[in-house]
Amino acid sequence: MRENLIEKAKKVLLGNKKKGFTLPTNNKLYPAQWKWDSGFIALGYSHFNLKYALDEITTLLKGQWKDGMIPHILFHDLNTNYYPNHSVWNCGNKIHSSGITQPPVLAIILKKILDKNKIKVNEKTKIKLIIKKLKKYHEWLIKYRDPRNTGLVSILHPWESGYDNSPLWDYSMNEIKVEKNLKYKRGDNKVINPEYRPLDEDYDRYITIKNHLRKNKYNPKKLYNESMFNVVDVGFNSIFLKANKDLIELLKSFNLEHNNLQKFILKSENQIEKLFDTRKGVFVNYDIKNRKKIIVPSITNYFILFADLKNQLINKKIIKNLKNHNQNEKYLFSSIKPNYGKFEEKRYWRGPVWINCNWIIYQGLKNKDKKFANKIKENTITLIKKNGFYEYYSFKTGEAFGANNFSWTASLFLDLIFDKNRTN
Ligand code: GLC
């Protein structure tokens, strides 16, 4: 008899689980705790083990830096072949970590978990502490990633976006002069078919930027102005806007102060609209370092729906565009629009379907276009049912690529399956 897929999804998570945290996958590709993966993973656990869900977040926050930054990787195990490993980053607070962050999904996830679950009195103190730490992190982003008070925050490395080799970064990456005599040994393309992974020329630049950040001791005061890479990304800011809105609700429920965040939200909502090019009807990234507008048809621009902008005109236009993104294909959504010159069907963030992107867009559409939202949900569930819990997939055939037993795919599958609005 075919094993129930819900049980299989749980098994993927439990199979990747270590003490207090969960690996993105069980092979040698990502042998550490990743920030936004952990958020999605916690949501998955919340459907069958609330303790594991809260533990996942608590462990991640143990690695928070004194200034408030939450690193994108925590190296709990120092004995791995991963590159760049803990000694190359050479930083961390209590736990060895990377020196950059990743999309701020945690407040959104925590709110979802708390909305669905009854919390016991003895868990309240733990949760209050988590909320306080998340507030400190959001304040860090506002203070150091938007020092000019614009309402929009910057990322200082493509890895901070979570969509590492997206064509969104091509222009800015080409401007970077690769460090001379750069020596390093990639591990990723030994574990996974190199056709699916970023190129060496991408890695040369990732490592050059990282080395420069390290030389500057990851000092957030200096780096906004001095980093080799500084981009205002629509996707990252959309997630942050949604996360700020959710964090305010969490702060209110614990009678904690939230005035500064409220002010930032107002400014942010206003400014993010300015990234909308009304003539072309698309959202535009801004490269602060090179003072250049970047227009790439990336699915992550549609994360704006998740931010719940009040401007219905923009929302409508965006939904119309989204329906044309890869309309005739069964598997929504390719990470880059297929007719774009730099689209690649199999290469990581340059074309394949990623389940977390589908999930974010589904969440953003639920209250705006229920029919379309349900289609995304059903297609995503079918994609996983047919092809397994993989890292990413072909938008055309559904063929699975990258790592198998991928934790966030399993988690978000559970979340979609248990979604109350499910039609069948
Ligand atoms: C890659 C992905 C990133 C993810 C990490 C671990 O770096 O681009 O989004 O968090 O792998 O799964």
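In the block above lies the structure referred to throughout.
Throughout, residues of each chain are indexed from 1 in the direction in which the sequence is written. Only residues with pLDDT of at least 70 are given local features in this predicted model, and only at 80 or more are side-chain atom pairs given and counted; all residues enter the totals for whole chains, interfaces and linings. Side-chain calculation: all heavy atoms of the structure are included, whereas hydrogens and water are not.

Caption draft 1: Spotlight on the overall build of the chain. Going along the chain from the N terminus, every DSSP run of H or I of four or more residues is numbered as a helix, and every run of E of two or more is numbered as a strand. What the chain contains, in helices and strands, is 17 helices and eleven strands. For the chain, whose C-alpha radius of gyration is 20 Å, the value lies close to the compact-globule estimate of 22 Å for 424 residues. Once the C-alpha set of the chain is aligned to its principal axes, its extents read approximately 55 × 50 × 45 Å. Only protein chains enter the accessibility calculation, which uses a 1.4 Å probe; a residue whose area is less than 20% of its type maximum is buried, one above 50% is exposed, and one in between is partly exposed. Every one of the 424 residues in the chain was classed for burial, and the buried ones make up 62%. In this analysis, two residues are considered to be in contact whenever any of their non-hydrogen atoms come within 4.5 Å of each other. Expressed as a percentage of contacts within the chain between residues at least 6 apart in sequence, the contacts between residues at least 24 apart total 71%. Methods summary: accessible areas were calculated by the Shrake-Rupley approach with a probe of 1.4 Å, and residue burial reflects only the protein chains presented. Carbon and sulfur atoms form 48% of the exposed surface of the chain, whose accessible area is close to 18100 Å². Just to be clear, the radius of gyration here is over C-alpha atoms, and the globule rule we use is 2.2 Å times residues to the power 0.38.

Caption draft 2: Spotlight on the pattern of salt bridges. Here, a salt bridge means any side-chain nitrogen of Lys or Arg that lies within 4 Å of a carboxyl oxygen of Asp or Glu. The full count for this structure, using the stated rule, is 22 salt bridges. The network of salt bridges with shared partners includes Asp 170, Lys 342, Glu 344, Arg 347 and Arg 350.

Caption draft 3: The arrangement of the layout of surface pockets in detail. Approximately 520 Å³ is the volume attributed to the largest pocket. Secondary structure elements with two or more residues in the lining of the largest pocket: helix 5 (106-116), helix 12 (234-253) and helix 15 (355-365). At five residues, the largest contribution of residues to the lining of the largest pocket is made by helix 5. Residue classes in the lining of the largest pocket are distributed as three nonpolar, five polar and eleven charged. In this analysis a 1.4 Å probe is tested at points of a 1 Å grid over the protein atoms alone, and where it fits but cannot get out there is a cavity; an open set with protein on both sides within 12 Å along at least five of seven lines is a pocket; lining residues have an atom within 4 Å of a point. Grid points are joined across faces, edges and corners, and a volume is the space filled by probe spheres set on the points. The volume enclosed by the second largest pocket comes to roughly 430 Å³. Around the second largest pocket, the lining is made up of 31 residues, and of these Leu 29, Tyr 30, Trp 34, Tyr 82 and Arg 197 lie nearest the centre. Charged residues are taken to be Asp, Glu, Lys and Arg, nonpolar residues to be Ala, Val, Leu, Ile, Met, Phe, Trp, Tyr, Cys and Pro, and polar residues to be all remaining types, Gly included.

Caption draft 4: Layout of the sheet that holds strand 8 (residues 285-287). Between any two strands, at least two bridges found by DSSP are needed for them to pair. Strand order in the open sheet formed by three strands is 5-8-9, and the pairing between neighbours is antiparallel. Edge strands, defined here as strands with exactly one partner in the open sheet, are strand 5 (231-232) and strand 9 (292-294). The sheet contact formed by strand 8 and strand 9 spans three bridges and is antiparallel. Looking across to strand 9, one finds that Asn 285 is bridged to Ile 294.

Caption draft 5: View of helix 16 (residues 370-387). How far a helix is expected to stretch is found by multiplying one less than its residue total by 1.5 Å. Across its 18 residues, helix 16 extends 26 Å between first and last C-alpha, which sits within 8% of the 26 Å expected from 1.5 Å per residue. Burial in helix 16 covers these residues: Phe 372, Ala 373, Asn 374, Ile 376, Lys 377, Glu 378, Asn 379, Thr 380, Ile 381, Leu 383 and Ile 384. Its buried side turned inward, helix 16 meets helix 14 (312-323), helix 15, strand 10 (392-393) and helix 17 (407-417).

Caption draft 6: Highlighting the packing of helix 16 against helix 17. As a rule, the C-alpha atoms of each element are fitted with a line to give its axis, helices using only the stretch in contact, and angles between N-to-C directions run from 0 to 180 degrees. At a minimum axis distance of 10 Å, the contact between helix 16 and helix 17 shows a crossing angle of 135°. Between helix 16 and helix 17, the crossing angle belongs to the class labelled oblique. With respect to the hand of their crossing, helix 16 and helix 17 are arranged in left-handed fashion. Every residue of helix 17 that contacts helix 16 at Lys 377, Thr 380, Ile 381, Ile 384 and Lys 385 is listed here: Thr 409, Phe 413, Leu 416 and Ile 417. Working definition: roughly parallel below 35 degrees, roughly antiparallel above 145 degrees, roughly perpendicular at 65 to 115 degrees, and oblique for all remaining angles. It is the rotation of the near helix from the far one that decides the hand of a crossing: anticlockwise by less than a right angle makes it left-handed, clockwise makes it right-handed.

Caption draft 7: Quick peek at empty space enclosed by the protein. Summed over all chains, the structure comprises one cavity of 30 Å³ or more. The space that makes up the largest cavity amounts to roughly 110 Å³. Secondary-structure elements contributing two or more residues to the lining of the largest cavity are helix 6 (121-145) and helix 11 (220-226). Considering only residue class, the lining of the largest cavity consists of nine nonpolar, two polar and three charged.

Caption draft 8: Local environment of the site of the ligand. Neighbouring the ligand are the residues Pro 24, Tyr 30, Trp 34, Trp 36, Asp 37, Gln 102, Gly 162, Asp 164, Tyr 348, Trp 349, Phe 406 and Trp 408. Between the ligand and Gly 162, the relevant distance is 2.6 Å, taken from an oxygen atom to a main-chain nitrogen or oxygen of the residue. Pairs of N or O atoms are called polar contacts if they sit within 3.5 Å, as long as, within protein, a hydrogen donor faces a hydrogen acceptor (for residues adjacent in sequence, only side-chain-to-side-chain pairs). At 2.8 Å, a side-chain N or O of Asp 164 approaches an oxygen atom of the ligand. Per-class residue counts for the shell around the ligand are eight nonpolar, two polar and two charged. Nearness is judged by heavy atoms alone; a residue qualifies as near a molecule or strand once a single heavy atom is within 4 Å of it.

Caption draft 9: Quick peek at helix 1 (residues 5-16). Helix length check: helix 1, at twelve residues, gives a terminal C-alpha distance of 17 Å against a target of 16 Å (1.5 Å per residue), a fit within 8%. Buried within helix 1 we find Leu 5, Ala 9, Lys 10, Val 12, Leu 13 and Asn 16. When helix 1 is viewed along its axis, its buried side chains cluster within an angular range of 150° and face the same direction. Pointing more than 90 degrees away from the buried face of helix 1 are the exposed residues Lys 11 and Gly 15. Of the surrounding elements, those touching the buried residues of helix 1 are helix 2 (35-45), helix 16 and helix 17. Regarding helix 1, its N-cap is Asn 4, as a side-chain oxygen of that residue lies 2.6 Å from the backbone nitrogen of Ile 6 further along. By arc we mean the arc of the directions from the helix axis to the C-beta atoms, nothing more.

Caption draft 10: The side chain of Asp 287, seen in detail. Mapped onto the elements, Asp 287 comes out in strand 8. Two residue types count as positive, namely Lys and Arg, and two as negative, namely Asp and Glu; His and chain ends fall outside the count. The buried charged residue Asp 287 lacks any salt bridge partner; its closest oppositely charged side chain belongs to Lys 289, at an N-O distance of 8.2 Å. Polar contacts involving the side chain of Asp 287 include one to the main-chain amide nitrogen of Lys 289, which spans 2.9 Å. Ignoring sequence-local partners within four residues, the contact set of Asp 287 consists of Tyr 171, Ser 172, Asn 230, Val 231, Lys 292 and Ile 294.

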